[in-house]
Amino acid sequence: MSHEHEAPIQRTESPDSAKKEWPLYEVFVRGKRGLNHVHVGSLHAADDATAMQNARDVYTRRNEGVSIWVVKAEDITASSPDEKDPLFAPAGDKVYRHPTFYSIPDDVPHM
Amino acid sequence: MTATDPGTEVLEQQFDEVIARHDRIEPRDWMPEGYRKTLVRQIAQHAHSEIIGMQPEGNWIARAPSLRRKAILLAKVQDEAGHGLYLYSATETLGVSRDQLTEMLIEGRQKYSSIFNYPTLSYADVGTIGWLVDGAAICNQVPLCRTSYGPYGRAMIRICKEESFHQRQGFELLATMMRGTDEQRAMVQESVDRFWWPALMMFGPPDADSPNTVQSMAWGIKRNTNDDLRQRFVDMTVPQAEALGVTLPDPDLRWNEERGAHDFGQPDWDEFMQVVKGNGPCNRQRIAHRRRAWEDGAWVREAATAFAESGLSVR
């Protein structure tokens, strides 16, 4: 993140391991068979196994899914919003990739 | 905000355009510092409210009158924890860490809803909290599903889906007691008498005394004013109270034909300010409890970290 923290905390005396936060995981849930996994949120956990356990408790308390992926947020590579225009430009000027580019007579069926 | 960067003006214009077309701002977008700070304050306060809100009801889990009520209450309190976690995650996308948020709460540098500084004195309060407090929360939260900050809106959508169970279980609990003995009916009325005004305070001070509202609405963070939402809540609640057979403790409450809405009295705003400042009936207790849970749980967090780092944990 490029943002400054709002208010740096004066931390009290404690061992090093207590200061270190658990890593952030992103959670993806497959709502039902036949659907993609969809990002539903994030959580902190010490390791992959507890991340999975926590994801079940936090994001599927009401049968919201049949399958869960948990991924460490730091392992995700994301496109940057700053380079949004150049990154997606190659798709922008290729209107012939869309079916609506082609005009077909109205009386031709099933097109 | 420093405007020396030649790119800032362009970024600000892009931000304004996104807001103007009611599109959403996402975490890695540029945003004005004031927007970010307002969001951190509001979402964190909301998250803290969910977490502190576990206490007044958690107080009754071990004394629930039946296994059915106990299972319901456990599920509800667990939901509140979940809601807090969704909202903490949303806050973290703005560059504040989870530990910082917890520490700002227990050091009193961030606030939570004043409603949770009132005690729960009887089991009827579990019902009243579900009906009135969660009912007021729903009024506040439904419009926030369309808030301009993406992660906040998505958290609100999840929360609103679950909040409906909270309100309905509360109403059903009270309805069950109202069908019981005179003593039970009196318990319900006494509980409603205590929670009605604090519930109205949940919408915040009157618009004239809410200086941040205009900017928050311009940024699309808030969608309605405090007074609008309060009015909506009163209009929704009056017929529910009639169905229950309880009296709302406001002598000025009556239908206004001309306005097509209820007239009602104002809560004691001096009391509200006192509670916000930390002088409510349970402020110290709530924070002390949260601090104790945080400090007593430190060894668990440390042990889990040590185990993860030992390489023994299953991948």
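Now for a description of the structure that goes with this document. (Residues numbered from 1 in each chain as written. Chains lettered and ligands numbered in written order. Predicted model: local features only at pLDDT ≥ 70, side-chain atom pairs only at ≥ 80, totals over all residues. Heavy atoms only, no water.)

## Focus: the overall build of chain B
The condition is simple: Secondary structure elements are defined from DSSP: runs of H or I of at least 4 residues count as helices, runs of E of at least 2 residues count as strands, and each element is numbered from the N terminus. In this description the radius of gyration comes from C-alpha coordinates, and the expected globular size is given by 2.2 Å times residues to the power 0.38. A simple rule labels every residue: compare its accessible area, found with a 1.4 Å probe on the protein chains alone, to the largest value its type can have, and call it buried under 20%, exposed over 50%, or partly exposed in between. Note on contacts: a residue pair qualifies if any of its non-hydrogen atoms lie within 4.5 Å across the two residues. Per-residue accessibility takes into account occlusion by the displayed protein chains alone, with areas from the Shrake-Rupley method and a 1.4 Å probe.
A tally of regular secondary structure across chain B gives 13 helices and two strands. The C-alpha atoms of chain B give a radius of gyration of 21 Å, which matches the 20 Å a tight globule of 315 residues would have. For chain B, the spread of C-alpha atoms along the three principal axes comes to 70 × 60 × 35 Å. Each of the 315 residues in chain B was classed as buried or not, and the buried ones make up 55%. Contacts in chain B between residues far apart in sequence, at least 24 positions, make up 76% of those at least 6 positions apart. Accessible surface for chain B amounts to roughly 14,600 Å². Of this, 56% is attributable to carbon and sulfur atoms.

## As for the sheet that holds strand β3 (residues 67–72) of chain A
All names here are of chain A. Going by this rule: By definition, two strands form a pair when at least two bridges between them are found by DSSP. Note on geometry: axes are lines fitted to C-alpha atoms, helical ones only across the stretch in contact, with angles between N-to-C directions running from 0 to 180 degrees.
In space, the three strands of this open sheet follow the order β2-β1-β3, with antiparallel pairing throughout. Edge strands, defined here as strands with exactly one partner in the open sheet, are β2 (37–44) and β3. Looking at each pair of strands side by side, their axes are set apart by 25° on average, direction ignored. As paired strands, strand β1 (residues 24–30) and β2 are joined by seven bridges and run antiparallel to one another. Paired with Phe28 across the strands is His39, a residue of β2.

## As for the packing of aromatic side chains
Under the convention used in this document: Here is the rule: rings of Phe, Tyr and Trp (six-membered ring for Trp) pair when centre to centre is within 6.5 Å. Planes less than 30 degrees apart are stacked, more than 60 are edge-to-face, and the remainder are tilted. In this scheme, Lys NZ or Arg CZ marks a charge over a ring once it lies within 6 Å of the ring centre and within 35 degrees of the ring normal.
Going through the model one piece at a time under the given rule, you end up with 12 aromatic pairs over all chains. With centroids separated by 5.5 Å and ring planes inclined at 25°, the aromatic side chains of Tyr59(A) and Tyr86(B) adopt a geometry described as stacked. Of this pair, Tyr59(A) sits in helix α2 (residues 48–59) while Tyr86(B) sits in helix α4 (residues 67–92), on two different chains. In this pair, the class of Tyr59(A) matches that of Tyr86(B), namely buried. Judged by centre distance (5.9 Å) and plane angle (90°), the rings of Trp60(B) and Tyr123(B) are edge-to-face. One end of the pair, Trp60(B), is in the loop between α3 (54–58) and α4; the other, Tyr123(B), is in the loop between α5 (98–106) and α6 (124–141), with 63 residues separating them in the sequence. Both residues of the pair, Trp60(B) and Tyr123(B), count as buried. Across the ring face of Tyr86(B), the terminal group of Arg158(B) is positioned such that the distance to the ring centre comes to 5.1 Å. Lying over the aromatic face of Trp294(B), Arg301(B) brings its terminal NZ or CZ to 3.7 Å of the ring centre.

## Quick look at the packing of helix α8 (residues 182–201) of chain B against helix α10 (residues 226–244) of chain B
All names here are of chain B. For the record, the criterion: For this classification, Asp, Glu, Lys and Arg are treated as charged, while Ala, Val, Leu, Ile, Met, Phe, Trp, Tyr, Cys and Pro are nonpolar and the rest, including Gly, are polar.
Two numbers describe how α8 lies on α10: the axes approach to 10 Å, and their chain directions differ by 145°. Taking contact as the criterion, the partners of Trp196, Ala199 and Leu200 in α8 are, on α10, Arg230, Phe233, Val234 and Thr237. Residues that form the contact of α8 with α10 fall into these classes: five nonpolar, one polar and one charged.

## Let's talk about the nonpolar core
All names here are of chain B. Put simply, the test is: Buried Ala, Val, Leu, Ile, Met, Phe, Trp, Tyr and Cys residues form a nonpolar core when they are joined through side-chain atoms within 4.5 Å.
Judged by nonpolar contacts, the single largest core of 90 residues is most densely connected at Tyr35, Trp131, Tyr149 and Phe233. When residues of this core are assigned to their parent elements, the largest contribution, 10 residues, is made by helix α7 (residues 150–178). Not counting chain neighbours up to four residues away, the residues in contact with Tyr35 comprise Phe15, Ile19, Ile25, Ser148, Tyr149, Trp219 and Ile221.

## Some remarks on a nonpolar patch on the surface
Inclusion rule: Residues enter patches when they are more than 30% accessible in relative terms and free of salt bridges; like-charged ones are connected within 9 Å and nonpolar ones (Val, Leu, Ile, Met, Phe, Trp, Tyr) within 5 Å. We define a salt bridge as a contact between a side-chain nitrogen of Lys or Arg and a carboxyl oxygen of Asp or Glu at a distance within 4 Å.
On the surface, Val95(A), Tyr96(A), Phe101(A), Tyr102(A), Ile104(A), Val108(A) and Met111(A) cluster together into a nonpolar patch covering about 710 Å² of accessible area. Tracing the chain through its elements places Val108(A) in the segment after α3 (84–92).

## Thoughts on helix α11 (residues 269–279) of chain B
Rules: Pairing of N or O atoms within 3.5 Å defines a polar contact, subject to two protein rules: one partner must be a possible hydrogen donor and the other a possible acceptor, and residues neighboring in sequence count only if both atoms are side-chain atoms.
All buried positions along α11(B) are accounted for by Trp269(B), Phe272(B), Val275(B) and Gly278(B). Structurally, the start of α11(B) carries an N-cap: the backbone nitrogen of Asp270(B) is 3.0 Å from a side-chain oxygen of Asp268(B).

## Regarding the packing of α4(B) against α7(B)
Residue and element names in this part refer to chain B. The following threshold applies: Here the angle decides the label: under 35 degrees means roughly parallel, over 145 means roughly antiparallel, 65 to 115 means roughly perpendicular, and every other value means oblique. Handedness of a crossing is defined here by the sense of rotation of the near helix relative to the far one, left-handed for an anticlockwise turn of less than a right angle and right-handed for a clockwise turn.
Remark: α4 packs on α7, axes separated minimally by 10 Å, with the N-to-C direction vectors making an angle of 160°. Taken as axis vectors, α4 and α7 run roughly antiparallel relative to one another. Where α4 crosses over α7, the two elements pack in a sense that is left-handed.

## Here's the deal with the state of the cysteines
All names here are of chain B. Selection rule: Criterion for a disulfide: a pair of cysteine sulfur atoms within 2.5 Å.
Counting across every chain of the model gives zero disulfides over all chains. Of all cysteine sulfurs, the one in Cys160 lies closest to Cys145, which takes part in no disulfide; the gap is 3.7 Å. What makes Cys160 buried here is its relative accessible area of 16%.

Function-wise, these values are silent; they only describe arrangement.
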